[in-house]
Amino acid sequence: MLWLLLVALAVKGGSADDDVVTLRTDGAEASIHRQGATVISWKVGSRERLFLSAANKLDQLNGTHIMGGVPVVFPKFADWGPNRPFHGFARISRWDLVKAEDGKAVFELKDSEVTRGYWNHTFRLEYSVTLESKQLRSDLRIFNTSPTKFNFEVLYHTFIRVQDVRNITLTGLQGLEYQDKTRDFKESTETRDVLKIQDFTDSIYEDTPMVHNITNTIDGQTLKLTKSGLPDLVVWNPWSEEIKTFSDLQPNEWTDFVCAEAGHVVSQIELLPGCDYQATQTLSIL
Ligand SMILES: O=P(O)(O)OC[C@H]1O[C@H](O)[C@H](O)[C@@H](O)[C@@H]1O
């Protein structure tokens, strides 16, 4: 009879190898996939607040990243040179679940032969996702467990679900320097006090404020993004043509999301042996 119970647990997903951990608190819900410790769903008022591409095959990831939700980008943002994964290895690694209770899940990723093959340092990442009624907090602590210092970049690649990207605005960028990746990283100064997305957008803003509001996301509601240890903000939407170059996005999905990516990517963080760095993002529905 015991074997029947074990089979039932495994089928129901009661085994310790669950791919997805779900938190529920005060009517809110969040799910985190062990692949990349990627938050793949965050519901407030039973409405989904994150975008997850329908092109994802979550049961056939085979070492690839999940397109959508809140991927964790470490130790490098964007291109990392030949034979190294774009946006680093954290989002394509299988993290260990440390615990999940009282609306908080903790994950861990340590260096391995694979990561050392890309980046020859020893480290430990401790990632906590904390759910409250209208808030989702991501806390990443990076520990340098190696005998030497190392430099890295870190970013939350947040896909905010919106009803129509053409109807949202994003605040807090006026007067800031930014690199426009759609124009070969051209350096510019943002003149707009309220940003509207009206074309292919891929901008890296340097040293932005701690708080950014994205208005008119779902049901006219504003999503507030608060960040610490993450001075920069990347704003990305591939628009109607560029999206066709992505095999992990569907052509019509460009209107369904805007990426507001809190990160430390314009410059690198230097972490001395035995030290740690904390990168925190809080998403709130106003
Ligand atoms: O397709 P991915 O590896 O997830 O990258 C998606 C996008 O991520 C960031 O927003 C970069 O600024 C973009 O240049 C890149 O296209």
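None of these values were measured; they are calculated from a predicted model. (Residues numbered from 1 in each chain as written. Predicted model: local features only at pLDDT ≥ 70, side-chain atom pairs only at ≥ 80, totals over all residues. Heavy atoms only, no water.)

Q: Explanation requested: the site of the ligand in the structure shown.
A: Around the ligand there are 13 residues in total, and H87, R91, H157, D202 and E261 lie nearest to it. At 2.7 Å, a side-chain N or O of H157 approaches an oxygen atom of the ligand. Here an oxygen atom of the ligand sits 2.6 Å away from a polar atom, N or O, in the side chain of D202. Its atoms largely coinciding with the cavity grid, the ligand occupies the largest pocket. Tallied by class, the residues present in the shell around the ligand amount to six nonpolar, three polar and four charged. (Near = heavy atom within 4 Å. Polar contact = N/O pair within 3.5 Å; in protein donor to acceptor, adjacent residues only side chain to side chain. 1 Å grid on protein atoms, 1.4 Å probe; cavity = no way out; pocket = protein on both sides within 12 Å on 5 of 7 lines; lining within 4 Å. Sits in = over half its atoms within 2 Å of the grid points. Nonpolar A, V, L, I, M, F, W, Y, C, P; charged D, E, K, R; others polar.)

Q: Whenever I open this one, the pairing of strand β20 (residues 257-271) confuses me. Can you help?
A: Remember that side chains alternate between the two faces of the sheet whenever the strand is regular. Counting buried positions along β20 gives eleven out of 15 residues, so the element sits mostly inside the fold. Pairing analysis gives six bridges linking strand β10 (residues 150-156) to β20, with the strands arranged antiparallel. If you follow V154 over to β20, its bridge partner there is H264. Looking at chain direction, strand β11 (residues 159-161) and β20 are connected through three bridges and run antiparallel. The partner of R161 across the bridge, within β20, is F257. In this structure, strand β19 (residues 232-237) lies alongside β20, joined through five bridges in antiparallel fashion. If you follow W236 over to β20, its bridge partner there is C259. (Buried < 20%, exposed > 50% of the residue type's maximum accessible area, 1.4 Å probe, protein only. Helix = DSSP H or I, 4+ residues; strand = E, 2+ residues; numbered from the N terminus. Pairing = 2+ DSSP bridges.)

Q: Before we go on, may I ask you to explain the sheet that holds strand β17 (residues 211-215) in this structure?
A: Across a sheet, paired strands are connected by hydrogen bonds in the backbone, their directions being either parallel or antiparallel. Pairing is antiparallel in the open sheet, where nine strands are placed in the order β6-β7-β8-β9-β21-β18-β17-β12-β15. Every other strand in the sheet has two partners, leaving β6 (96-101) and β15 (194-195) as the edge strands with one partner each. Pairing of strand β18 (residues 223-228) with strand β21 (residues 276-285) involves six bridges; the strand directions are antiparallel. Bridge pairing in β21 links L223 to I285.

Q: Help me understand unusual backbone geometry, please; the structure alone is not making it clear to me.
A: Across residues other than glycine, the phi torsion is negative in most instances, and most of the peptide bonds are trans. In this structure, P75 follows F74 across a cis peptide bond, with omega equal to 0°. Along the polypeptide, P75 turns up in the loop between β5 (72-73) and β6. In this structure, N62 takes a positive phi of about 40° despite not being glycine. Here N62 lies in the loop between β4 (47-48) and β5. The class for N62 is exposed, based on a relative accessible area of 70%. Residue N83 is not a glycine yet carries a positive backbone phi of 65°. Mapped onto the elements, N83 comes out in the loop between β5 and β6. Using a relative accessible area of 74% as the deciding quantity, one classes N83 as exposed.

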